[in-house]
There are 2 protein chains.
Amino acid sequence: MAVHRLDLIERSETLTAQVAEKLREALIGGVFAPGDKITIRAVAKSLGVSLTPAREALSILAAEGALEFGANRTLMVPPLSIDRLAEITRIRIALEGLAAERAARLLDEREITRIVAANEALTRATKAEDFKGAILRNHEFYFGIYRGCRMPTLIKMIEGLWLRTGTYVNLIYPAFGLARKGIENHERAARALKARDAEGLRAAIEFDIRYSAEHLEAELRAKQPEALKLA
Amino acid sequence: MAVHRLDLIERSETLTAQVAEKLREALIGGVFAPGDKITIRAVAKSLGVSLTPAREALSILAAEGALEFGANRTLMVPPLSIDRLAEITRIRIALEGLAAERAARLLDEREITRIVAANEALTRATKAEDFKGAILRNHEFYFGIYRGCRMPTLIKMIEGLWLRTGTYVNLIYPAFGLARKGIENHERAARALKARDAEGLRAAIEFDIRYSAEHLEAELRAKQPEALKLA
DNA sequence: TAACGTTATGTGTTATAACACTTTATCGAA
DNA sequence: TTCGATAAAGTGTTATAACACATAACGTTA
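Residues numbered from 1 in each chain as written. Chains lettered and ligands numbered in written order. Predicted model: local features only at pLDDT ≥ 70, side-chain atom pairs only at ≥ 80, totals over all residues. Heavy atoms only, no water.

Undergrad: Can you walk me through the sheet that holds strand S1 (residues 37-38) of chain A in this structure?
TA: Sheet strands pair by backbone hydrogen bonding; their relative direction is either parallel or antiparallel. Residue and element names in this part refer to chain A. In spatial order, the strands read S1-S3-S2; together these 3 strands make up an open sheet with antiparallel pairing. Lying at the two open borders of the sheet, with one neighbouring strand each, are S1 and strand S2 (68-69). With 2 bridges connecting them, S2 and strand S3 (residues 75-76) associate as antiparallel partners. In the sheet register, Phe69 faces S3, and the bridge partner there is Leu75. (Pairing = 2+ DSSP bridges. Helix = DSSP H or I, 4+ residues; strand = E, 2+ residues; numbered from the N terminus.)

Undergrad: Teacher, can you tell me more about the protein's contact with DNA strand D here?
TA: As a matter of local geometry, DNA strand D sits amid 17 residues, with A:Leu15, A:Ser50, A:Thr52, B:Arg41 and B:Arg55 nearest to it. Each atom of DNA strand D within 4 Å of the protein was classed as base or backbone; sugar and phosphate made up 67%. Residue A:Thr52 places a side-chain N or O atom 2.6 Å away from a base nitrogen belonging to DNA strand D. For the surface near DNA strand D, the leading source of residues is helix H3 (residues 51-64) of chain A, giving 3 residues. Classifying every residue of the surface near DNA strand D by side-chain character gives 6 nonpolar, 6 polar and 5 charged. (Near = heavy atom within 4 Å. Polar contact = N/O pair within 3.5 Å; in protein donor to acceptor, adjacent residues only side chain to side chain. Nonpolar A, V, L, I, M, F, W, Y, C, P; charged D, E, K, R; others polar.)

Undergrad: Help me understand the relation of the copies chain A and chain B in this model?
TA: In this structure, two copies of a chain are linked by a rotation about an axis accompanied by a shift along it. For the match of chain A to chain B, the screw axis carries a shift of 0.0 Å, the RMSD comes to 0.0 Å, and the turn is 180°. Both chain copies can therefore be described as sitting about a two-fold axis. With an isologous cut-off of 70% or more, the 100% of interface residues of chain A that recur at the interface of chain B puts this contact in the isologous class. (Least-squares fit on C-alpha atoms with pLDDT ≥ 70 in both. Contact = heavy atoms within 4.5 Å.)

Undergrad: Mind showing me how you'd approach the pattern of salt bridges here?
TA: Summed over the entire model, instances satisfying the criterion amount to 26 salt bridges over all chains. Residues A:Arg55 and B:Glu56 are paired through a salt bridge, measuring 2.8 Å at the closest nitrogen-oxygen approach. Linking A:Arg55 in helix H3 with B:Glu56 in helix H3 (residues 51-64), this pair reaches from one chain into another. Residue A:Arg55 is classed as partly exposed on the basis of its relative accessible area of 34%. With a closest N to O distance of 3.9 Å, A:Arg210 and A:Glu206 form a salt bridge. Of this pair, A:Arg210 and A:Glu206 are both found in helix H9 (residues 198-223), 4 residues apart, which corresponds to roughly one turn of the helix. (Salt bridge = Lys/Arg side-chain N within 4 Å of Asp/Glu carboxyl O. Buried < 20%, exposed > 50% of the residue type's maximum accessible area, 1.4 Å probe, protein only.)

This is how it looks when you write it as structure tokens:
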């Protein structure tokens, strides 16, 4: 048999997967407000698909925890209570600390330089008050590190957690992004990374998670004290 | 208005949710073998529902990581490679350690006595070689503890992790359950729990996770050395 | 005007049909 | 018998229709 090595035909993703991805983007992009009800038909119509893939995508997002069921089986963007933020923060510290520690040991030089570059781009974007860009760079920086741990299940779980706070991060980033402390935290992480200091990187990441969570919590208390009562 | 206090009508769960639950039970019950292909129509027919809820339930299970996509969008019960087991074990230690530590501080006396009772029932079932019962008691014991941490998101994540190894635990339990060491581990956890020794409980749980993972790994290497190569 | 019943609209749920693609079975030719 | 083409069955994907239930709008009545 003549063995010509050909690239595989790329199979376009299913509509369900595309809808789910669009919804994730909208969620971290701040398109929805916390507490917004999301209906199947609205999603289907706005993306030009039938009910079937829209509904399936929504139930996937719900399974991932990015959406939640409200009364009467309606779906909504979950509001973030103080308690829930505290819980997510604890889990993030455990999981992202683990990922960071292992990544420090496994990342190769090329990846490290790319991550450091993402961090510099983040600093520039923040100073230029380009918040959309900063959020993207921030994601690149963190997940550039996490991908280094070579634990795909772990990475997927961390992504799920980020999705839950994504809406809020978007809401408060302007105030938070300008804080000098945030940039310092990233610098510390970048230094530990370059030195391959696993414990140091873990500490820096954990500190940054805690720091930004405190910032977000303060913002929550200020802007919507009723978050204390919400589920 | 005559205010007669009536119980609320119980709304039966959707077919989708019921199918998903049945599948989870089958997965931890050892009905499927790792690598088995699962088709939408087979699930639909065997449970007497149409394609729609069957398909939706399957995609939820896939989102939870309990099922995986194989070639050509087929769904299958994910085989457990040594690497993947190692990854899951690391995550479990991080997450279940966190849950146990907080639970030791928050559980009340009534819950603790119920957990200890579940452990005693587990020991009895193991000695009587009632493996089905032992697996159930084991679940009760662990999640009795974890529920005490009052972190619903965390608990759901841990449940997802258990689902991934469920099939295998079922396969190897007879050999594992009889190990005296396993019972000792549980006893140590129960003692720490009664003493409200958070650090001790975390250590006991972490040790038991590591111990049973080693046991499972040895079994994997013995029974199916090809697991090393599988994804 | 306020409370209530009625109708209309919106919404989640489920079944079914149609389509494209893959896998298996079948069968004829070398 | 074996290889390869063709037919058949299987399978995932998607759209649509029908149904039950919830909510909103509307008008009627006291």
